[in-house]
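Residue-level listing of the chains:
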Amino acid sequence: MQNRQTNQVFNFDKFPNFEKDIDLKQRAWIEVKGKAIETNVRQLRSKLSKNCQFMAVVKADGYGHDAKLVSEYAIKGGASQLGVATLNEGIKLRSSGVKKPILILGNLYTKRDLIICFKNDLMPTISSIRECLICNNIGKHFGLKFPLHLKVDTGMSRLGFEYNKFVQQFEKIKSFENILIEGIYSHLSSADEANALDPKSITQLQRLKFNELLKQINLDRNNEIKIHLANSAGMLLNKDFHFHMVRVGLSMYGYSPLDKIDKNLLLKPALSLKVKVAFIRTIDKGVSVSYGGKFVSHRKTKLAVLSIGYADGVPRNLSGKINVIHNNKFYPQVGSITMDQMMVDITDSNEIKVGSTMVLLGSDGDKTISPLEWARKSNTIPWEILCSFKNRLPKVQVD
């Protein structure tokens, strides 16, 4: 092999081919506990009536946990269906061997995409007569029925048939011979708000509108069409939101979207974010650290440089606001978080070395750092934190 920069020729035949066995924990990585997913699903299902099904929402690569892994353990826990956001997410799960029904929660609107959806045994979410007609024509072409779910907008103002027009449109849709209406659903916009159980809340008004719609189209809860409304928050509010199926995301991963939760529901976080120390340096008092010099040492300070940054999904606006854990002790992150690295003040430690592992999210001993904490400190929501982790963070299954 010739080095292009020096023109030197090397013979690496005597060296092992390390590239075939790259250490996934070489830099920074995500650890996923599949058993925690399975346990969470079992617990959540225990809160449902016997005939209420559990859809595991595994979009955005399983909220950053690895969709294939999450699907496998959610199914072990009793999930009967899966929910994804995009056509490619559904195809990827099918290609990995997943057999359970998969609903695409996003909108497919071209004939090409709907044909691909049909051929891969995926169910689209339909929000208009136009897409119903396309699906009916596709089913007719293949001499089969095209299974799908109809979505109605009850207050989210996103996808879904217009509420006031759905009854009339549903009568027409029922006449299409080559579609199979597997489900009818809507989505709650504010079920995680503190007033969600207030009779005048947006959440309760949505539920009442949805119930009224079902009465108008003569669907009761024993109908073959699966009726579903609840996300994680709606599912945890009470059984009035459960219907035939619930769509659970965040809670399945170990976090409650509600401030108040059943004390008997012990959800287990399935994700940990870990990183190794890449370098250690000592600076004098009065020395600035990282871009902008927003942190200046007030003493002689020992810094650990960690190989992770905002390009991996750690929000830059958490700079100087978070801790990391090593051997059951917190250490503060200092200076601006950079694209690929961050600094931690380890002055009080004599045991942290280059190559030591730090926990950014997860537990070490009795110390824990949660995505909920990061979300509060960065003025966002835990969903965004979990879904922000990038592909260059390998996912490692642990149990």
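The structure presented is a predicted model; accordingly, all values stated were derived computationally and were not measured.

Trainee: Even after reading the chapter, I still don't get the overall build of the chain, so can you show me in this structure?
Mentor: Regarding its fold elements, the chain presents 11 helices and 20 strands. Taken along its principal axes, the extent of the C-alpha atoms in the chain is 75 × 60 × 35 Å. Going through the 399 residues of the chain one by one, you find that 50% of them count as buried. Taken as two groups, the 58 positive and 38 negative side-chain charges of the chain have centres that lie 1 Å from each other.

Trainee: I tried to follow the nonpolar core on my own but got confused; where do I start?
Mentor: Inside soluble globular proteins, nonpolar side chains tend to come together where they are buried. Membership of the largest hydrophobic core comes to 114 residues, with the highest contact counts inside it found for L150, I184, M252, L306 and W374. Residues in contact with W374, not counting those within four places in the same chain, are L273, V314, P315, L318, I322, L360, L361, I369, I385 and F389. One finds I283, F295, V305 and V334 within the second-largest nonpolar core, a separate group that totals 7 residues.

Trainee: Would you mind showing me how to read the layout of surface pockets here?
Mentor: Where empty space is left can be seen by rolling a probe of water-molecule size over the atoms. By volume, the largest pocket amounts to about 620 Å³. Looking at the largest pocket, it is lined by 27 residues, and the ones nearest its centre are K59, R158, H187, N231 and W383. Secondary-structure elements contributing two or more residues to the lining of the largest pocket are α2 (59–64), α9 (232–237), β10 (245–248) and α11 (382–387). For the lining of the largest pocket, the residue count by class is 16 nonpolar, 6 polar and 5 charged. Taken as a whole, the second largest pocket spans an internal volume of roughly 360 Å³. What lines the second largest pocket is a set of 16 residues, among which S256, P257, D259, L372 and P382 lie closest to the centre. Among the secondary structure elements, those contributing two or more residues to the lining of the second largest pocket are α10 (371–377) and α11. Among the residues making up the lining of the second largest pocket, the classes are represented as 9 nonpolar, 3 polar and 4 charged.

Trainee: I keep staring at the packing of aromatic side chains and nothing clicks. Help me out?
Mentor: Centre-to-centre distance and the angle between the planes together describe a pair of aromatic rings. For the structure on display, the rule yields 6 aromatic pairs. Centre to centre, the rings of Y63 and Y253 are 4.6 Å apart; their planes meet at 20 degrees, and the pair counts as stacked. Of this pair, Y63 sits in helix α2 while Y253 sits in the loop between β10 and β11 (271–283); the two residues are 190 residues apart in sequence, bridging distant segments of the chain. In this structure, Y63 and Y253 share a single accessibility class: buried. In textbook terms, an aromatic cluster arises when at least three aromatic residues are bridged by ring pairs, as seen for F118, F142 and F146. Over the aromatic face of F241 sits the side chain of R207, whose NZ or CZ is 5.7 Å from the ring centroid. The positively charged end of K209 is found above the aromatic ring belonging to Y163, 4.6 Å away from the centroid.

Trainee: How should helix α7 (residues 163–173) be read in this particular structure?
Mentor: The periodicity of an α-helix, 3.6 residues per turn, causes residues three or four places apart in sequence to face the same way. Within α7, burial applies to Y163, F166, F170 and I173. Buried residues of α7, viewed axially, fall in a sector of 60 degrees; they line one side. For α7, exposure combined with an orientation more than 90 degrees from the buried face picks out N164 and Q168. For α7, the elements touching its buried residues are α6 (129–142), β6 (146–153), β7 (161–162), β8 (179–185) and α8 (202–216).

Trainee: Quick question: what am I supposed to make of unusual backbone geometry here?
Mentor: Glycine aside, residues mostly have negative phi, and peptide bonds are mostly found in the trans state. The phi dihedral of Y63 is positive, around 50 degrees, even though this residue is not glycine. Taking relative accessible area as the criterion, Y63 reaches 6% and is therefore assigned buried. Here S290, not a glycine, exhibits a phi torsion of approximately 70 degrees, which is positive. Summarising the element assignment, S290 is placed in the loop between β12 (288–289) and β13 (295–296). Accessibility expressed as a relative area gives 26% for S290, which makes it partly exposed.

Trainee: How do you make sense of the pattern of salt bridges when you look at a structure like this?
Mentor: Where charged atoms from two side chains of opposite charge come close, those side chains can pair. In this structure the tally under the stated criterion is 18 salt bridges. A salt bridge links K35 to E38; its shortest N-O distance comes to 3.6 Å. With K35 and E38 both in helix α1 (residues 34–45), this residue pair falls 3 residues apart, about one helical turn. The salt bridge involving E162 is made with K165; its shortest N-O contact spans 3.7 Å. Exposure remark for K165: the relative accessible area of 43% places this residue in the partly exposed category.

What counts, and where the lines are drawn
- Residue positions are given per chain, counted from 1 along the sequence in the order it is written.
- This being a predicted model, a pLDDT of at least 70 is required before a residue's local features are given, and a value of 80 or more before pairs of side-chain atoms are given or counted; all residues contribute to the totals for chains, interfaces and linings.
- As a rule here, side-chain values cover all heavy atoms of the structure and leave hydrogens and water aside.
- Secondary structure elements are taken from DSSP: a helix is a run of H or I of four residues or more, a strand is a run of E of two residues or more, and numbering for both begins at the N terminus.
- Each residue's exposure class comes from its accessible area (1.4 Å probe, protein chains only) as a fraction of the maximum for that residue type: buried when under 20%, exposed when over 50%, partly exposed otherwise.
- Charged residues are defined here as Lys and Arg on the positive side and Asp and Glu on the negative side; His and the ends of the chain fall outside this count.
- Positions of charges follow a simple convention, taking NZ of Lys, CZ of Arg, CG of Asp or CD of Glu.
- Think of a nonpolar core as a cluster: buried Ala, Val, Leu, Ile, Met, Phe, Trp, Tyr and Cys residues, connected wherever their side-chain atoms sit within 4.5 Å.
- Here a residue-residue contact requires only that any non-hydrogen atoms of the pair lie within 4.5 Å.
- A cavity here means a set of points on a 1 Å grid, drawn over the protein atoms and nothing else, where a 1.4 Å probe fits but cannot get out; a pocket is an open set with protein on both sides within 12 Å along at least five of seven lines, and a residue lines either one if it has an atom within 4 Å of a point.
- Grid points are joined across faces, edges and corners, and a volume is the space filled by probe spheres set on the points.
- Gly falls in the polar group here, along with every residue not listed as nonpolar (Ala, Val, Leu, Ile, Met, Phe, Trp, Tyr, Cys, Pro) or charged (Asp, Glu, Lys, Arg).
- For Phe, Tyr and Trp, rings pair up if their centres lie within 6.5 Å, where Trp contributes its six-membered ring, and each pair is then called stacked (planes under 30 degrees apart), edge-to-face (over 60) or tilted (otherwise).
- Whether a charge sits over a ring depends on NZ of Lys or CZ of Arg being within 6 Å of the ring centre and within 35 degrees of the ring normal.
- By arc we mean the arc of the directions from the helix axis to the C-beta atoms, nothing more.
- Salt bridge, as applied in this entry: a Lys or Arg side-chain nitrogen positioned within 4 Å of an Asp or Glu carboxyl oxygen.

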